[in-house]
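Structural overview for review
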Amino acid sequence: MTHALEIIKQSEIEIEPLVKQNKQIAYDNFKKVMQSFNDHSVMESDFTGTTGYGYDDTGRDKLEDIYRDIFKAEDALVRAQIISGTHAISLSLLSLLERGDELLYITGWPYDTLEKVIGDSEEDVGSMKALGIDFNYVDLIDDKAFDIDAILNNIKDNTKVIGIQRSRGYSTRKSLTIEQIEAVIKTIKERHPNIIVFVDNCYGEFVERREPIEVGADIAAGSLIKNPGGGLAKMGGYVVGRKDLIERVSYRLTVPGIGKEMGASLEVLLDMYQGLFMAPHAVIESLNGALLTSHVLTKLGYRTDPLFDETRTDLIQSIQFNTEEEMISFIQMVQSASPVNSKFLPIPDLIPGYQHPVIMAAGTFIQGASLELSADGPVREPYIAFMQGGLVYEHVKYALEKVLTHWSEKGII
Ligand SMILES: *Cc1c(COP(=O)(O)O)cnc(C)c1O
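Quick summary incoming for the structure in this document. (Residues numbered from 1 in each chain as written. Predicted model: local features only at pLDDT ≥ 70, side-chain atom pairs only at ≥ 80, totals over all residues. Heavy atoms only, no water.)

1. Topic: the nonpolar core
Of all hydrophobic cores here, the largest spans 59 residues; its most connected members are Y67, I106, F146, I162, I164, V240 and L276. In terms of residues, this core owes the most to one element, helix α8 (residues 269-299), which gives nine residues. Shared between two domains, this core holds at least three residues of each, these being domain 1 (2-28 + 276-410) and domain 2 (51-264). Discounting chain neighbours no more than four positions away, the residues touching I164 are Y105, I106, T107, F146, I181, V184, I185, V197, F198, V199 and D200. Among the nonpolar cores identified, the runner-up in size contains 34 residues, and I7, I359, Y393 and V396 belong to it. (Core = buried A, V, L, I, M, F, W, Y, C linked by side-chain atoms within 4.5 Å. Buried < 20%, exposed > 50% of the residue type's maximum accessible area, 1.4 Å probe, protein only. Helix = DSSP H or I, 4+ residues; strand = E, 2+ residues; numbered from the N terminus. Domains from an automatic or database assignment. Contact = heavy atoms within 4.5 Å.)

2. Digging into the packing of aromatic side chains
One pass over the structure, following the stated rule, counts 19 aromatic pairs. Judged by centre distance (5.9 Å) and plane angle (90°), the rings of F37 and Y273 are edge-to-face. Note that F37 is positioned in helix α1 (residues 3-39) and Y273 in helix α8, a separation of 236 residues in sequence. Side by side, F37 and Y273 carry an identical accessibility label, which is buried. Here Y105 and F135 contribute two aromatic rings whose centre-to-centre distance is 6.2 Å and whose plane-to-plane angle is 50°, an arrangement assigned as tilted. (Phe/Tyr/Trp six-rings, centres within 6.5 Å; stacked < 30°, edge-to-face > 60°.)

3. A short note on the site of the ligand
If you check the shell around the ligand, you find S84, G85, T86, I89, Y111, Q165, D200, C202, Y203 and K226 and nothing else. One nitrogen or oxygen atom from the side chain of S84 is found 3.5 Å from an oxygen atom belonging to the ligand. A distance of 2.5 Å separates an oxygen atom of the ligand from a polar side-chain atom of T86. Coverage of the ligand by the protein amounts to 88% of the 380 Å² it exposes when considered alone. Ranked by residue count, the leading element in the shell around the ligand is helix α3 (residues 85-96), at three residues. Among the residues making up the shell around the ligand, the classes are represented as four nonpolar, four polar and two charged. (Near = heavy atom within 4 Å. Polar contact = N/O pair within 3.5 Å; in protein donor to acceptor, adjacent residues only side chain to side chain. Areas by Shrake-Rupley, 256 points an atom, 1.4 Å probe, with all protein chains shown as cover. Nonpolar A, V, L, I, M, F, W, Y, C, P; charged D, E, K, R; others polar.)

4. Quick word on the pairing of strand β6 (residues 219-223)
When you tally the buried positions in β6, you get five out of five residues, the bulk of the element. Residues I219, A221 and S223 line one face of β6 and the alternating positions A220 and G222 line the opposite face, and both faces are buried. For strand β5 (residues 196-200) and β6, the ladder comprises three bridges, and the chain directions are parallel. In the strand pairing of β6, F198 is matched with I219. Bridge count for β6 against strand β7 (residues 237-241) is five bridges, and the pairing is antiparallel. For I219, the partnering residue across the bridge sits in β7 and is G241. (Pairing = 2+ DSSP bridges.)

5. Focus on α3
Taking 1.5 Å of rise per residue, the 12 residues of α3 would be expected to cover 16 Å, and the 17 Å separating its terminal C-alpha atoms lies within 8% of that figure. The element α3 is largely enclosed, with a buried count of 10 among its 12 residues. All of the buried residues in α3 are G85, A88, I89, S90, L91, S92, L93, L94, S95 and L96. Among the residues of α3, the N-terminal cap falls to S84, whose side-chain oxygen and the backbone nitrogen of T86 are separated by 3.4 Å. (Expected span 1.5 Å × (residues − 1).)

6. Some words on helix α10 (residues 393-410)
Residues spaced three or four apart along an α-helix face the same direction, because each turn holds 3.6 residues. Counted at 1.5 Å a residue, the expected span for α10 with its 18 residues is 26 Å, and the 26 Å between its end C-alpha atoms agrees. Considered for burial, the residues of α10 that qualify are Y393, H395, V396, A399, L400, V403, L404 and W407. All buried residues of α10 fall inside an arc of 170° around its axis, so they share one side. Opposite the buried face of α10, by more than 90 degrees, sit the exposed residues E394 and E409. Summarising the contacts, the buried residues of α10 are in contact with α1, α8, α9 (324-336) and β12 (384-388). One or two steps after α10, the chain reaches G411, where phi turns positive at roughly 80°. (Arc of directions from axis to C-beta.)

Structure representation (structure tokens):
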């Protein structure tokens with residue numbers, strides 16, 4: 001056996017106890033999903049879908065009831081017409097906030113794609129700024145803990161919504177566990193019971209046993225081409241939470257007075273149902289792939305975050321390389337190990353919104369689907385790449401084998 005394969009084999013032995021624990025999480029979450037399928041008596045006819053206005057779409061309505069139950073919410077909106085995670089988030093925020101209100105993010109500056117939603121100036125058409133909605137944020141302490149004092153000090157009379165981003169996204173801070181989120185919500189609500197707590201749940205679903213609503217959040221949102229779509233949903237997003245809030249969100253997505261009543265589902269329901277069925281398993285496959293990645297690369301002397309044995313609440317694994325060449329070759333090998341477009345060679349390039357060239361590996365079946373294995377990062381010091389996804393653990397292992405084999409041929413390891 002080559003050196004590369006030997007390293008991976010040894011790591012697999014060492015992560016075995018954690019993989020076992022994760023399988024128990026997968027089972028507990030699978031059970032939650034299955035029980036809801038059974039309670040709602042999912043039938044073949046639920047997958048038929050509707051056209052046109054989408055009245056009486058019983059399959060769509062039932063899927064929303066299932067999401068509602070799984071996320072322990074009062075109501076849910078699960079729609080193909082929600083085009084992405086960013087859309088689910090901005091839809092939620094813009095339906096809750098009105099002129100004069102403030103949105104306070106308590107996990108630092110939000111995910112990059114929300115920059116335009118917040119807006120710089122009143123000229124940014126449709127942005128919160130242009131709509132007269134204030135925005136403020138509080139950083140985490142040491143990139144890992146809620147700054148309770150600063151949060152309480154920054155809550156003003158017009159602070160209507162508090163925003164929490166569970167996953168680190170593409171930043172170097174820690175992701176926030178459900179336990180941390182529970183504690184901060186409790187403290188905030190003790191003093192400000194009427195504040196609405198919103199959670200950006202992207203990348204978090206089914207990584208832990210509990211979800212944001214059951215620890216006190218009022219509303220949470222995410223993308224179906226990430227965790228809850230299980231790799232099968234081809235589009236869509238969801239919002240879950242308090243009934244009155246979901247109504248507001250539905251009125252903004254469609255039409256005041258119509259809300260959830262309309263919206264044709266065409267042929268998307270089968271994928272959404274089957275994807276949800278697969279999701280607890282696929283999420284843990286991906287998580288176990290991240291454990292392996294972290295363990296192997298740590299062994300080779302790289303800094304990884306989280307470390308393989310740290311508590312996880314999302315799917316993102318970051319890896320810090322020593323040189324630009326190492327980072328680029330890692331991403332290129334991940335691309336070459338993709339089921340789709342494996343012959344494409346990713347190169348660093350400037351993309352709007354980033355100051356440094358970015359390199360991305362994304363040979364996914366579904367465009368941009370990041371529950372499928374992908375890796376990317378801005379090519380600048382300290383050369384950190386973010387790797388996420390892997391519908392099956394074998395795919396992550398296969399990609400690592402390719403990286404390590406290539407590196408040992410080139411004398412990097
Ligand atoms: C992916 C992600 C988003 C945005 O989702 P898109 O579907 O890419 O628009 C928002 N927040 C976090 C934390 C994410 O990981």
